[in-house]
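Summary of structural features
The chain contents come next:
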Number of protein chains: 2
Amino acid sequence: MSIRIALLGYGNLSRGVEAAIQQNPDIELVAVFTRRDPKSVSVRTNTPVVSVDELESWKDKVDVLVLGGGSATDLPKQTPECVKLFNVVDSFDTHANIPTHFANVDKAAKESGHVGIISVGWDPGMFSLIRMISNAVLPEGKDYTFWGRGVSQGHSDAIRRVEGVKDARQYTVPIEDSVAKVRSGADPELTTRQKHLRECYVVAEEGADKVKIEEAIKTMPNYFSDYDTTVTFISEEELKANHSGLPHGGFVLRSGVTGLNKENKHIIEYNLKLDSNPEFTGSVLVAYARAAYKLSKEGVSGCKTVFDIAPAYLSALSGDELRAHLL
Amino acid sequence: MSIRIALLGYGNLSRGVEAAIQQNPDIELVAVFTRRDPKSVSVRTNTPVVSVDELESWKDKVDVLVLGGGSATDLPKQTPECVKLFNVVDSFDTHANIPTHFANVDKAAKESGHVGIISVGWDPGMFSLIRMISNAVLPEGKDYTFWGRGVSQGHSDAIRRVEGVKDARQYTVPIEDSVAKVRSGADPELTTRQKHLRECYVVAEEGADKVKIEEAIKTMPNYFSDYDTTVTFISEEELKANHSGLPHGGFVLRSGVTGLNKENKHIIEYNLKLDSNPEFTGSVLVAYARAAYKLSKEGVSGCKTVFDIAPAYLSALSGDELRAHLL
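So, here is what we can say about the structure in this document. Fair warning: this is a prediction, and the values are worked out from it, not measured in the lab.

Secondary structure assignment for chain A yields 11 helices and 14 strands. Against the compact-globule benchmark of 20 Å for 327 residues, chain A has a radius of gyration of 22 Å, which places it among compact chains. Dimensions of chain A, computed from C-alpha atoms along their principal axes, come out at roughly 65 × 55 × 35 Å. Counting every position in chain A, which comprises 327 residues, the buried fraction comes to 58%. Pairs at least 24 apart in sequence give 68% of the contacts found in chain A among residues at least 6 apart. If you sum the accessible surface of chain A, you get close to 13500 Å²; carbon and sulfur atoms cover 47% of it. Between the centroid of the 37 positive side chains of chain A and the centroid of its 44 negative side chains there is a distance of 2 Å.

The next subject is the packing of helix α1 (residues 12-21) of chain B against helix α10 (residues 277-297) of chain B. Residues and elements named next belong to chain B. It is the contact of α1 with α10, at a shortest axis distance of 7 Å, that shows an interaxial angle of 60°. Comparing the axis directions of α1 and α10 gives the class oblique. Both α1 and α10 take part in a crossing whose hand is right-handed. Of the residues in α10, those touching α1 at N12, L13, G16, V17, A20 and I21 are P278, E279, T281, G282, S283, L285 and V286. Of the residues that constitute the contact of α1 with α10, the class distribution is 7 nonpolar, 5 polar and 1 charged.

Let us now look at the interface of chain B and chain A. The interface is formed by 65 residues belonging to chain B together with 65 residues belonging to chain A. Both faces considered, chain B and chain A share a buried interface measuring about 5800 Å² in area, 65% of it formed by carbon and sulfur atoms. When the buried surface of chain B facing chain A is broken down by residue, Q23, R323 and L327 of chain B rank first, second and third, together holding 14% of it. Inspection of the region where chain B meets chain A yields 0 salt bridges. Our count for the contact surface shared by chain B and chain A stands at 26 residue pairs in polar contact (both at pLDDT 80 or more).

It is worth spelling out the pattern of salt bridges at this point. A full pass over the atoms with the stated rule returns 42 salt bridges over all chains. Overlapping salt bridges, with partners in common, bring together D157, R160 and D167 of chain A in one network.

A word on the nonpolar core. If you look at the biggest cluster of nonpolar residues, it comprises 160 residues, and the most contacted ones within it are L65 and Y288 of chain A together with L65 and Y288 of chain B. Contact partners of L65 of chain B, with chain neighbours within four places excluded, come to A6, L7, L8, F33, L55, C82, F86, N87, V88 and V89 of chain B.

Turning our eyes to something else, we now look at the side chain of N87 of chain B. Residues and elements named next belong to chain B. Note on placement: N87 falls in strand β5 (residues 87-89). Looking at N87, the relative accessible area reads 7%, which means it is buried. At 3.2 Å, the side chain of N87 and the side chain of S296 are in polar contact. Once you skip the residues sitting within four places of it in the chain, N87 turns out to touch D63, V64, L65, H114, V115, A292 and S296.

Right, let's get into the pairing of strand β9 (residues 165-174) of chain A. Regular strands show a simple pattern: their side chains alternate between the two faces of the sheet. Residues and elements named next belong to chain A. Most of β9 sits out of view: 8 of its 10 residues are buried. Pairing between strand β8 (residues 150-151) and β9: 2 bridges, direction antiparallel. Looking across to β9, one finds that V151 is bridged to Y171.

Looking now at the sheet that holds strand β9 (residues 165-174) of chain B. Residue and element names in this part refer to chain B. As summarised here, the arrangement of the 4 strands in space is β8-β9-β10-β11, forming an open sheet in which the pairing is mixed. Sheet topology places β8 (150-151) and β11 (228-233) at the edges, where each strand pairs with a single neighbour. Inspection of the sheet shows β9 paired to strand β10 (residues 196-204) by 9 bridges, in the antiparallel sense. Looking at β10, one finds that D167 is bridged to V203. Packing of helix α8 (residues 210-218) onto the sheet brings it into contact with β9, β10 and β11, and relative to β11 it is tilted by some 150°.

Time to look at the pairing of strand β13 (residues 264-274) of chain A. Counting buried positions along β13 of chain A gives 10 out of 11 residues, so the element sits mostly inside the fold. With 11 bridges joining them, strand β12 (residues 248-258) of chain A and β13 of chain A adopt antiparallel strand pairing. In the strand pairing of β13 of chain A, V257 of chain A is matched with K265 of chain A. In the sheet, β13 of chain A pairs with strand β13 (residues 264-274) of chain B via 9 bridges, with the strands oriented antiparallel. When the sheet's bridge partners are listed, L272 of chain A is paired in β13 of chain B with I268 of chain B.

The strand order β7(A)-β12(A)-β13(A)-β13(B)-β12(B)-β7(B) describes an open sheet built from 6 strands, whose pairing is antiparallel. Looking along the sheet, the strands with just one partner apiece sit at the ends: β7 (141-147) of chain A together with β7 (141-147) of chain B. Taking the axes of each pair of neighbouring strands and ignoring which way they run, one obtains an average angle of 10° across the sheet. The strands touched by helix α4 (residues 126-137) of chain B within the sheet are β13 of chain A together with β7, β12 (248-258) and β13 of chain B, with β12 of chain B carrying the most contacts at an inclination of about 5°.

Where two aromatic rings form a pair, the distance of their centres and the angle of their planes describe that pair. A complete count under the given rule lists 10 aromatic pairs over all chains for this structure. Pairing F33 of chain A with W58 of chain A gives two aromatic rings, centres 5.7 Å apart and planes at 90°, and the pair type is edge-to-face. Taken as a pair, F33 of chain A in strand β2 (residues 27-34) and W58 of chain A in the loop between β3 (49-51) and β4 (64-67) lie far apart in primary sequence, 25 residues in all. The same class applies to F33 of chain A and to W58 of chain A, which are both buried. Taken together, W122, F127 and Y270 of chain A form an aromatic cluster joined through their ring pairs. Looking at R198 of chain A, its charged tip hangs above the ring of Y227 of chain A, at a distance of 4.1 Å from the centre. Geometry around F251 of chain B places R183 of chain B over its ring, the cationic atom sitting 5.0 Å from the centre.

Each value, and the rule that gives it
Residues numbered from 1 in each chain as written. Chains lettered and ligands numbered in written order. Predicted model: local features only at pLDDT ≥ 70, side-chain atom pairs only at ≥ 80, totals over all residues. Heavy atoms only, no water. Helix = DSSP H or I, 4+ residues; strand = E, 2+ residues; numbered from the N terminus. Rg over C-alpha atoms; globule rule 2.2 N^0.38 Å. Buried < 20%, exposed > 50% of the residue type's maximum accessible area, 1.4 Å probe, protein only. Contact = heavy atoms within 4.5 Å. Areas by Shrake-Rupley, 256 points an atom, 1.4 Å probe, with all protein chains shown as cover. Lys, Arg positive; Asp, Glu negative; His and termini not counted. Charge placed at Lys NZ, Arg CZ, Asp CG, Glu CD. Axes fitted to C-alpha atoms, helices over the stretch in contact; angles between N-to-C directions. Parallel < 35°, antiparallel > 145°, perpendicular 65-115°, else oblique. Left-handed = near helix turned anticlockwise from the far one by under 90°. Nonpolar A, V, L, I, M, F, W, Y, C, P; charged D, E, K, R; others polar. Buried area = accessible area lost by both parts, 1.4 Å probe. Salt bridge = Lys/Arg side-chain N within 4 Å of Asp/Glu carboxyl O. Polar contact = N/O pair within 3.5 Å; in protein donor to acceptor, adjacent residues only side chain to side chain. Core = buried A, V, L, I, M, F, W, Y, C linked by side-chain atoms within 4.5 Å. Pairing = 2+ DSSP bridges. Phe/Tyr/Trp six-rings, centres within 6.5 Å; stacked < 30°, edge-to-face > 60°. Lys NZ or Arg CZ within 6 Å of the ring centre and 35° of its normal.

See below:
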């Protein structure tokens, strides 16, 4: 019998989960829950779309609910609420609020006897896993994380809020020279500006003041003022033709030393190049949904992160198969 | 109270473990067991050297025994024997025999109520972990593993057995052009010869026939005949001056696709550059020794691999600390 997954929400990330499920024969998508009118939502697979009001009646028809919502307002409420009814997996990524989110989900999950896995994806998620393991293996060293080259949806949205901007796409770009220094083992101290560039492709409204737009972007606090930022105005057609994908990626490095005199250097690097950020993130969520299902079957309950889950739980293969083919 | 670790054997790997323990304040090295006369073994830290005959009397004075022996003859016997007395960690790396070794250790570990973690290091070990997780996340794709540039001790030993050879060092070198193809997402089919070169630095005995030595190396089955191999004769002084280290490394890549039409490509790469193979491997063993200790405290017993252990067990930090700083 397959693992029955349902989705809450149907944005980019949920579409990524929907596609990933097609690649995992042990898993099926049984429902997409939406806050909109279900008739207005058309999904790409043959999956029923159901109003979120009916969540409770699906309690015994879903093994794991995957939450496709955002970290700002959706997940802080939805994850603790939904884990009362289902095993859940979310991609909560507001680093500073993870301890609070963990506590809220843990309490509700333990009371209801479900598993809630939070902060799943690639960062947090796969990058966290590598950072954590690398720190345990090389306790003396330095961590570096670079993102990109890829589209930051948060930064693209920030540009769209500038007056006179019709549409925009922002690429985060790691600075090659700094990356090379880190890979060489030089352990540089890097400022925000030395780590990433921000490349902005902007479609201006007709008649808008482009000089003013460029100034507004480049001086925007938090988002752009600490970076070297380029602004390139393009047509709407060009944006569609050349910037419609959501590629991303990045890399985590740990540079550490060993030896009685700390004389030996080691560099661990984990590197992702992703054509589609939401589809890769969705694929990670599906693997952790499988883990939530297996843990729940074993009687486990409570909130978990990628740190708490033995890797074998992510796989459809048995322990014997894993040891024979992948160890 | 610290985690009390003991070592069985005192070769390169055990020296690596000894050094790594100095970097982990929650762990102490309490004994080095040897099959030799303990008086003949001088260790680099202030640790008692004890005859292997006294193992049993240390039963309650050691939390985890780390086995420094080799996979050919030592570990198949030692690990199942020692797990009767202690929690153990080994670096068993004969891939084809892992299922048998697992079964033997599992039986003895369950009977005695201990934890035995096998095949720990970087390959098997960290590389296996990445391969396994990457396969779970991207079920449709191709795996690639490259080793080097680094010293293969097995291949160096094989050269030393050739008549007329006094000493030798063999470097395994990934072929850049093939690596570039894999990183580009081209998913090439690569033969053994297309993946790695073998560079041999050889010190010949005085008066030895160098043409014959080179021929014997290059045609050696399993070790060299399937590879492009270079043989460079050097002096004993040069070998000591330029080839006395044991650097190694390598990388695991998974190239996979997602999307309803498999239209998006993703490349995951994990890359290690190690100045000292035994010290890095020793550092991994120490982290898993910590895990063996924690699992045993929780009442777990049996044989485990890197697939079966939640990453948090590797760390000296608490769940709260890990979530706050590394997630």
